[in-house]
Amino acid sequence: MPELPEVETVRRGLERRVLGRTISAVQVLSPWVIRSDPRSFAREIGGCRVEGLRRKGKTLALELESGNSAPCRYLIVRLGMTGQLTLTPSESPLLPHTHVRLLLDDDGEELRYRDPRRFGMLRCSTPAEAEKIFRSLGPDALEISQKEFEQALRGRRGAIKGWLLDQSMLAGLGNIYADEALFEARIHPQTPAGKIPDNARILLHKAIRKVLQRAVNLQGTSFRDYIDIEGRPGNFEPRLRVYGREDKPCPRCSTPIRRVLVCGRSSHFCPRCQPRPRRIAPPGKPRKKRE
DNA sequence: GCAAGCCTGACC
DNA sequence: GGTCAGGCTTGC
């Protein structure tokens, strides 16, 4: 499932292979995927050159320049759960669930958007709309500072697992890397986010960076469908320590990994390395001394 | 029937 | 505002 490392891998692939090229023709096979009228979508991005590639969290934006006086546009890409953006020879047969084709230049190659589960989307937006989308996201999980992280967690009463998945708080983590980071930091997924002790919070901030950076270096995880723009799967899956390993031994202590639902999401953790937090008395109410 | 990410809406 | 449940979709 595309989370920050997978989206970053796609971004790098596009930067290497698509930056500077021109979208010469647009074919929308499934109008719902672009959330707008296919004809105006094709008109707006057709003929544009790819001038830049931005990413924040799991959201990708292709910066497009038309070359004439028209204002620049952004093609916003959210891969959702099973979205794939691939660079494909135009004569390759269309795989099922291919929704959009963007021909590049006239050298017989195209970008194809494919998405069996249809949770993803492509959207053409103005720079202002793109800014709004980026602003609605919390800080990127690879860029947030220790201090920002602490401030963002302060006072949050919900479970840390849900907080890590909330893209308006922190952008980039999905279920896989949230579970991996919590394991790395030895924090139980149900721990109230605002009640994580200072030392554990610092560990968690470090764990997020460490897990994501390693996954980026290995081109992400291909748990089910994820592939990069050249169709290659990621290499991080063998490094997963808890995700998808229910009942298998914990890599640290051999206790069987458990899976529970937290905030409606399956959460994998080691009951021994990540003990359930004790109930802590609510702070700020010291018992009055009786005279 | 379940899982995923994300949007919407209900509830306090 | 924060928090959480429900719904979307489809391959396993």
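Just above, that's the structure.
Described in the following lines is the structure provided in the data block.

Here is what the cut-offs are and how they apply
Residues numbered from 1 in each chain as written. Chains lettered and ligands numbered in written order. Predicted model: local features only at pLDDT ≥ 70, side-chain atom pairs only at ≥ 80, totals over all residues. Heavy atoms only, no water. Near = heavy atom within 4 Å. Polar contact = N/O pair within 3.5 Å; in protein donor to acceptor, adjacent residues only side chain to side chain. Nonpolar A, V, L, I, M, F, W, Y, C, P; charged D, E, K, R; others polar. Phe/Tyr/Trp six-rings, centres within 6.5 Å; stacked < 30°, edge-to-face > 60°. Helix = DSSP H or I, 4+ residues; strand = E, 2+ residues; numbered from the N terminus. Buried < 20%, exposed > 50% of the residue type's maximum accessible area, 1.4 Å probe, protein only. Lys NZ or Arg CZ within 6 Å of the ring centre and 35° of its normal. Contact = heavy atoms within 4.5 Å. Pairing = 2+ DSSP bridges. Axes fitted to C-alpha atoms, helices over the stretch in contact; angles between N-to-C directions. Salt bridge = Lys/Arg side-chain N within 4 Å of Asp/Glu carboxyl O.

### Focus: the protein's contact with DNA strand C
Taken together, His97, Pro116, Arg117, Arg118, Phe119, Arg156, Arg157 and Gly158 make up all the residues around DNA strand C. Of everything in DNA strand C that lies within 4 Å of the protein, sugar and phosphate atoms constitute 67%. At 2.9 Å from a sugar or linking oxygen of DNA strand C is found a side-chain nitrogen or oxygen belonging to arginine 117. Residue glycine 158 places a main-chain N or O atom 3.3 Å away from a phosphate oxygen belonging to DNA strand C. Taken together, the residues that form the surface near DNA strand C break down as two nonpolar, two polar and four charged.

### Brief notes about the packing of aromatic side chains
Evaluated as defined, the whole model comprises two aromatic pairs. Between the aromatic rings of tyrosine 177 and phenylalanine 236, the centroid separation amounts to 5.9 Å while the plane-to-plane angle is 45°, which identifies the pairing as tilted. Here tyrosine 177, found in helix α6 (residues 175-184), pairs with phenylalanine 236, found in the loop between α7 (198-217) and β9 (258-262); they are 59 residues apart in sequence, far enough to count as distant. Each member of the pair, tyrosine 177 together with phenylalanine 236, is buried. The ring of phenylalanine 134 carries the charged tip of arginine 54 above its face, separated from the ring centre by 4.4 Å. When the ring centre of phenylalanine 183 is taken as origin, the NZ or CZ atom of arginine 252, which lies over that ring, is 3.9 Å away.

### Here we look at the protein's contact with DNA strand B
Around DNA strand B, 15 residues are found, and the nearest of them are Arg78, Met81, Phe119, Asn175 and Arg265. Restricting attention to atoms of DNA strand B within 4 Å of the protein, one finds that 52% of them are sugar or phosphate atoms. Note that a phosphate oxygen of DNA strand B is positioned 2.5 Å from one of the side-chain N or O atoms of arginine 78. Here a phosphate oxygen of DNA strand B and a side-chain polar atom of arginine 259 are 2.8 Å apart. When the residues that make up the surface near DNA strand B are grouped by side-chain class, the tally is four nonpolar, five polar and six charged.

### A closer look at the environment of serine 266
Topologically, serine 266 is positioned in strand β10 (residues 265-269). Considered as a pair, serine 266 and isoleucine 144 are 122 residues apart in the sequence and their alpha carbons are 25 Å apart. Once residues lying within four places of it in the same chain are set aside, the contact partners of serine 266 are Lys161, Asn175, Asp179, Arg259, Val260 and Leu261.

### A closer look at the sheet that holds strand β8 (residues 121-125)
Taking strand neighbours across the sheet as the criterion, the four strands line up as β2-β3-β4-β8 in an open arrangement whose pairing is antiparallel. Because the sheet does not close on itself, it has two edges, and the strands there are β2 (49-56) and β8. The mean inter-strand angle of the sheet, taken between neighbouring strand axes irrespective of direction, is 20°. Inspection of the sheet shows strand β4 (residues 73-78) paired to β8 by five bridges, in the antiparallel sense. Opposite leucine 75, over in β8, you have cysteine 124 as the bridge partner. Together, β2 and β3 (59-65) form the strand contacts of helix α1 (residues 4-17), whose direction differs from that of β2 by roughly 165°. Lying on the sheet, helix α2 (residues 38-45) is in contact with β3, β4 and β8; it crosses β8 at an angle near 65°.

### What about unusual backbone geometry?
Look at histidine 97: it is not a glycine, yet its phi comes out positive at around 70°. Topologically, histidine 97 is positioned in the loop between β5 (84-89) and β6 (98-104). In the Ramachandran plot, aspartate 247 falls in the positive-phi region, its phi being about 70° despite a non-glycine side chain. As for its position among the elements, aspartate 247 is in the loop between α7 and β9. With a relative accessible area of 61%, aspartate 247 lands in the exposed category.

### Let's talk about the pattern of salt bridges
In the structure shown here, the tally under the stated rule is 25 salt bridges. Arginine 17 is the salt-bridge partner of glutamate 109, the closest N and O atoms lying 3.4 Å from each other. Placement of the pair is glutamate 109 in strand β7 (residues 109-114) and arginine 17 in helix α1, with a sequence separation of 92 residues. Of the charged contacts, one joins arginine 201 and glutamate 150 as a salt bridge, the two residues approaching to 3.6 Å between their closest N and O atoms. Taken together, the positions of arginine 201 in helix α7 and glutamate 150 in helix α4 (residues 146-153) put the pair 51 residues apart, joining distant regions of the chain. Looking at arginine 201, the relative accessible area reads 10%, which means it is buried. Connected through shared salt-bridge partners, Arg16, Arg17, Arg21, Asp105, Asp107, Glu109, Asp228, Glu230 and Arg232 make up one network.

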